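Structural description and commentary
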Amino acid sequence: MRTGPAEPPVAGRDDELFWALEGLKEHFGIGSLLYTGALQLPQGTPVEWQLAADADELLAEDWAPFAEHLAALGHPVRLSLLREILRGTDTAAELGALDGMGTSGQVYHHLRQLVATGWLRTVGRGHYEVPAMRVVPLLVVLFAARP
């Protein structure tokens, strides 16, 4: 995976490495944010997503409403549940049978938290999925949080 440094532009920089950044600046100008992604889930579902935002507007927003959504991702079992659901395990019973998930009551508690914050939705009795519009944002958050 190729990434570029988070540094100010440098004369002679390799614009081919920064093709997405250059496209963003060309389309929206300086002060813009963009995340995008395209993947195919193991179930065969293609997911493509792109969202741009104005950095000044985001900095001016109240961030408090984001806390609950981010907090839902702050538990290792919830992250494991999301990963397993993206990998194709989609029933509460299957998820509860995986090592390290805890009791069935604990699994349902975590699933409810993820549904309440929009990271999951129910798609039938006991079946869950990550909504397509949340797949790429979830992966971006995880990518940004990598040590």
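Residues numbered from 1 in each chain as written. Predicted model: local features only at pLDDT ≥ 70, side-chain atom pairs only at ≥ 80, totals over all residues. Heavy atoms only, no water.

Topic: the overall build of the chain
Put simply, the rule is: Only DSSP runs of H or I reaching four residues or more are called helices, and only runs of E reaching two or more are called strands; each is numbered from the N terminus. In this scheme, a residue with accessible area under 20% of its type's maximum is buried, one over 50% is exposed, and one in between is partly exposed, where area comes from a 1.4 Å probe on protein chains only. Only heavy atoms matter for contacts: two residues are in contact if any of them lie within 4.5 Å across the pair. Surface accessibility follows the Shrake-Rupley procedure with a 1.4 Å probe radius. Residue values consider only the protein chains on display as shielding. When charges are counted, Lys and Arg are positive and Asp and Glu negative, with His and the chain ends excluded. Where a charge lies is defined by one atom per residue type, namely NZ (Lys), CZ (Arg), CG (Asp) and CD (Glu).
The helix and strand tally for the chain stands at 7 helices and 4 strands. Reading the helices (α) and strands (β) of the chain from amino to carboxyl end gives α-β-β-α-α-α-α-α-β-β-α. Across its three principal directions, the C-alpha atoms of the chain cover 55 × 35 × 30 Å. When burial is assessed residue by residue, the chain has 25% of its 147 residues classed as buried. Summarising the internal contacts of the chain: among those between residues at least 6 apart in sequence, 45% fall at separations of at least 24. Carbon and sulfur atoms make up 57% of the accessible area of the chain, which amounts to about 10000 Å² in all. Taken together, the 11 basic and 18 acidic charged side chains of the chain have centroids lying 9 Å from each other.

Describing the packing of aromatic side chains
Selection rule: Two aromatic rings from Phe, Tyr or Trp, using only the six-membered ring of Trp, form a pair when their centres are within 6.5 Å; if the ring planes differ by under 30 degrees the pair is stacked, by over 60 it is edge-to-face, and anything between is tilted. Only Lys NZ and Arg CZ are tested; either one counts as a charge over a ring when it is within 6 Å of the ring centre and within 35 degrees of the ring normal.
Across all of its chains, the model carries 0 aromatic pairs by this definition. Directly above the aromatic system of W119 lies the positively charged group of R134, at a separation of 4.0 Å from the ring centroid.

Section: a nonpolar patch on the surface
Basically, it comes down to this: Each patch is built from salt-bridge-free residues with over 30% relative accessible area, joining like charges within 9 Å and nonpolar side chains (Val, Leu, Ile, Met, Phe, Trp, Tyr) within 5 Å. By convention in these notes, a salt bridge is any Lys or Arg side-chain nitrogen within 4 Å of a carboxyl oxygen on Asp or Glu.
Taken together, the side chains of L33, L58, L59, W63, F66, L70 and V141 present a nonpolar region at the surface, about 630 Å² in accessible area. Looking at the nonpolar patch, the elements with two or more residues in it are α2 (55-60) and α3 (66-72). Position of L70 relative to the elements: it lies in helix α3.

A look at a negative patch on the surface
A contiguous patch of negative charge on the surface is contributed by D54, D56, E57, E61 and D62. Looking at where D56 falls in the secondary structure, it is placed in helix α2.

Description of the pairing of strand β2 (residues 46-54)
Selection rule: Strands are treated as partners if at least two bridges between them are detected by DSSP.
Here strand β1 (residues 32-40) pairs with β2 via 9 bridges, running antiparallel. In the strand pairing of β2, Y35 is matched with L51. Hairpin remark: β1 followed by β2, antiparallel, with 5 residues in the connecting loop; positive phi at G44, about 95°.

Digging into the nonpolar core
Put simply, the test is: Among buried residues, those of type Ala, Val, Leu, Ile, Met, Phe, Trp, Tyr and Cys that are joined through side-chain atoms within 4.5 Å constitute a nonpolar core.
L81, L82, L111 and L120 are the most contacted members of the largest nonpolar core, which has 22 residues in total. Sorting the residues of this core by element identifies α4 (76-87), α5 (92-96), α6 (104-116) and α7 (132-145) as the ones contributing at least two each. In this view, L111 contacts L81, I85, A92, L95, L120 and Y128; residues no more than four positions away in its chain are not counted.

Some thoughts on the environment of R83
Looking at where R83 falls in the secondary structure, it is placed in helix α4. In the structure, R83 is positioned 56 residues away from L139 in sequence and 9.8 Å away in space, judged by C-alpha atoms.

What about the pattern of salt bridges?
Taken as a whole, this structure holds 4 salt bridges when the rule is applied. A salt bridge links R87 to E84; its shortest N-O distance comes to 3.3 Å. You can see R87 and its partner E84 sitting in helix α4, 3 residues apart, about one turn around the helix. Since its relative accessible area comes to 51%, R87 is described here as exposed.

Topic: α7
Where we set the bar: Under the convention used throughout, the expected extent of a helix is 1.5 Å for every residue step, that is, one less than its residue count.
Given a rise of 1.5 Å per residue, 14 residues ought to cover 20 Å, and the 21 Å separating the end C-alpha atoms of α7 matches this to within 8%. Those residues of α7 that sit buried are R134, V135, V136, P137 and L138. In the core, the buried residues of α7 are packed alongside β1, β2, α3 and α4.

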